[in-house]
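Next come the chains, spelled out residue by residue.
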Amino acid sequence: MAVQPQRSRDEWVSADSLAELGRLAKTAGAEVVGVESQRMTRPSGTHYVGRGKLDEIVALQASLDFNLLICDDELSPRQQRALEEKVGTRVIDRTALILDIFAKQASTREGKLQVELAQHRYLLPRLIGRWEHLERLGGGIGTRGPGESQLETDRRLIRQHIGRLEADLETVRRHRDVYRSRRRKGGVALVALVGYTNAGKSTLFNAISNAEVEVEDKLFSTLDPVTRRIRLPDGTNLLMTDTVGFIHKLPPSIIAAFRTTLEELHEADLLLHVVDITHADAAKQHGTVESILSDMGLQDKPVVTALNKVDLVEQGVSDTDLSSAGERLNLTRSDFVLVSAVTRVGIPTLLERVASALGRPDATGAV
Ligand SMILES: Nc1nc2c(ncn2[C@@H]2O[C@H](COP(=O)(O)OP(=O)(O)OP(=O)(O)O)[C@@H](O)[C@H]2O)c(=O)[nH]1
Ligand SMILES: [Mg+2]
């Protein structure tokens, strides 16, 4: 369910965003039985949607008997609780859904710590809504300490836990720093793959490096970064990293929690931006990735763009048509190469482009 603000500057319209939310829900293991949206000046502070739409959703619940309602924007604790009470099902938002998928995908210690941190940070401000009503009922819940409410105890526990997670992550980060500085001394260039989730980053990474990163037709199949040493045809040695994909409305809380993973991008000498050129929203996805990169202060990193999955483009489409697809993406500050990570078409050209973009004496690895 989504609210489309009337004068939004966001170029994503709710239909596209909702289709994506549906894919996220499927990835998380839910079955989508209905999709609803509403145009409003801005989402309602009480129920997210307006009264009329809310009645429709209640009626829909009675007829379809769904047991989970997912909203496309972050909900306040108040909105979430009001919706749950009215609709009679569990209600979650886009952030909680993404966190759920991340939790499923995290496999390394670093990944798990980061997801847990993001989940706890998400939970903390939302506890109020959960406990307020119990407080109003007056005490009596076993775990309360003297003169202390359940809410305060819970918040303190969660804050303590957040503190521990941050400390653990700091340790992981220090290990990484040591590893990084060793790598720096080796003078080997680092290329990081970036791109919208499901663009084909891992497939391309595997094709280039003969690695075996899991590739799946679902969102966020990669979470933890993987780095491999690669030798380019011209003899250049470099390191390439495949990592988590981006998505539209990626909450800042998640970006903050994934600081350790995303620091790899700051370390990179070059970003290889992979775009699924066959996706109906390719241009918007490209723009979203660019704006997340610039929010992260990475707008000045050199970029080579790979327009991927050209094998899926209808036979007979000429090179000029495909190039104009690149132009539609407004590729101003970067160069692009048409590739297929599956058939490997364009990969040699892509690697040449990467080598010349790096083009630094210390990137040759010859010493
Ligand atoms: N036809 C075709 N399919 C591709 C190509 N590259 C990737 N795919 C498919 O696209 C889907 C996503 O590929 P991944 O490599 O997992 O994408 P990703 O960007 O790593 O995605 P996340 O890790 O989820 O962010 C998979 O089903 C791949 O098989 C390509 O060049 N051609
Ligand atoms: Mg991947």
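That block above? That's the structure.
Residues numbered from 1 in each chain as written. Chains lettered and ligands numbered in written order. Predicted model: local features only at pLDDT ≥ 70, side-chain atom pairs only at ≥ 80, totals over all residues. Heavy atoms only, no water.

Participant: Quick one: what's the story with the overall build of the protein chain, residue by residue and with numbers?
Facilitator: Looking only at helices and strands, one finds 13 helices and 10 strands in the protein chain. Buried positions account for 51% of the 367 residues belonging to the protein chain. Long-range pairs, those at least 24 residues apart, make up 70% of the contacts in the protein chain between residues at least 6 apart in sequence. In the structure as shown, the protein chain presents an accessible area of about 17800 Å², 50% of it carried by carbon and sulfur atoms. (Helix = DSSP H or I, 4+ residues; strand = E, 2+ residues; numbered from the N terminus. Buried < 20%, exposed > 50% of the residue type's maximum accessible area, 1.4 Å probe, protein only. Contact = heavy atoms within 4.5 Å. Areas by Shrake-Rupley, 256 points an atom, 1.4 Å probe, with all protein chains shown as cover.)

Participant: Got a sec to walk through the site of ligand 1? Specific residues and values, please.
Facilitator: Taken together, 23 residues form the shell around ligand 1, and within it K201, T203, S221, T222 and D311 come nearest. In this structure, K201 approaches ligand 1 through a side-chain N or O atom, which is 2.7 Å from an oxygen atom. Here ligand 1 loses 90% of its free accessible area of 660 Å² to cover by the protein chains. Judged by the fraction of its atoms near the pocket grid, ligand 1 is located in the second largest pocket. Among the elements that take part in the shell around ligand 1, helix α8 (residues 201-209) stands out by supplying three residues, more than any other. (Near = heavy atom within 4 Å. Polar contact = N/O pair within 3.5 Å; in protein donor to acceptor, adjacent residues only side chain to side chain. 1 Å grid on protein atoms, 1.4 Å probe; cavity = no way out; pocket = protein on both sides within 12 Å on 5 of 7 lines; lining within 4 Å. Sits in = over half its atoms within 2 Å of the grid points.)

Participant: Would you mind going over the nonpolar core in detail, with residue names and values included?
Facilitator: Core analysis: the biggest nonpolar cluster contains 58 residues, and L24, Y48, L83, F102, F220, F246 and L265 have the highest contact counts within it. Of all the elements, helix α4 (residues 94-105) adds the most residues to this core, at six residues. The contacts of Y48, once residues within four sequence positions are left out, are M1, A2, V3, M40, P43, C71, D72, D73, L75, Q79 and L83. Counting residues in each nonpolar core, the second largest holds 26 residues, with A189, L204, A207 and V304 among its members. (Core = buried A, V, L, I, M, F, W, Y, C linked by side-chain atoms within 4.5 Å.)

Participant: Tell me about the layout of surface pockets, and name the residues and values.
Facilitator: Taken as a whole, the largest pocket spans an internal volume of roughly 460 Å³. Around the largest pocket, the lining is made up of 22 residues, and of these E31, V32, V33, G34 and L68 lie nearest the centre. Listing elements by their share of the lining of the largest pocket, those giving two or more residues are α1 (14-27), α2 (51-64) and β3 (68-71). In terms of residue count, the dominant contributor to the lining of the largest pocket is α1 (five residues). Residues belonging to the lining of the largest pocket are distributed by class as follows: 16 nonpolar, three polar and three charged. (Points joined across faces, edges and corners; volume = space filled by probe spheres on them. Nonpolar A, V, L, I, M, F, W, Y, C, P; charged D, E, K, R; others polar.)

Participant: Describe the pairing of strand β9 (residues 303-308), and please don't skip the residues or the numbers.
Facilitator: Burial of β9 is extensive: six of the six residues sit out of reach of the surface. By the alternation rule, side chains of β9 split into V303, T305 and L307 and V304, A306 and N308, which are all buried. Note: strand β8 (residues 270-276) against β9, six bridges, orientation parallel. Directly across from V275, in β9, lies its bridge partner L307. Taken together, β8, helix α11 (residues 282-295) and β9 constitute a β-α-β crossover, and its handedness is right-handed. (Pairing = 2+ DSSP bridges. Right-handed = clockwise from strand over helix to strand, strands pointing away.)

Participant: Provide a residue-level description of the side chain of D16, including the pertinent values.
Facilitator: Here D16 shows up in helix α1. Here the side chain of D16 touches K284 through a polar contact of 2.2 Å, side chain to side chain. Sequence-distant contacts of D16, that is, excluding residues within four places in its chain, are made with D281 and K284.

Participant: How would you sum up α4? Please name residues and give values.
Facilitator: For α4, which comprises 12 residues, the first-to-last C-alpha distance of 17 Å matches the rise-based estimate of 16 Å (1.5 Å per residue) to within 8%. Of all 12 residues making up α4, nine are buried, and the element is well covered by its neighbours. Among the residues of α4, those classed as buried are R94, T95, A96, L97, I98, L99, I101, F102 and Q105. Lining the buried residues of α4 we find α1, β3, β4 (90-93), α5 (109-123) and α9 (252-257). (Expected span 1.5 Å × (residues − 1).)

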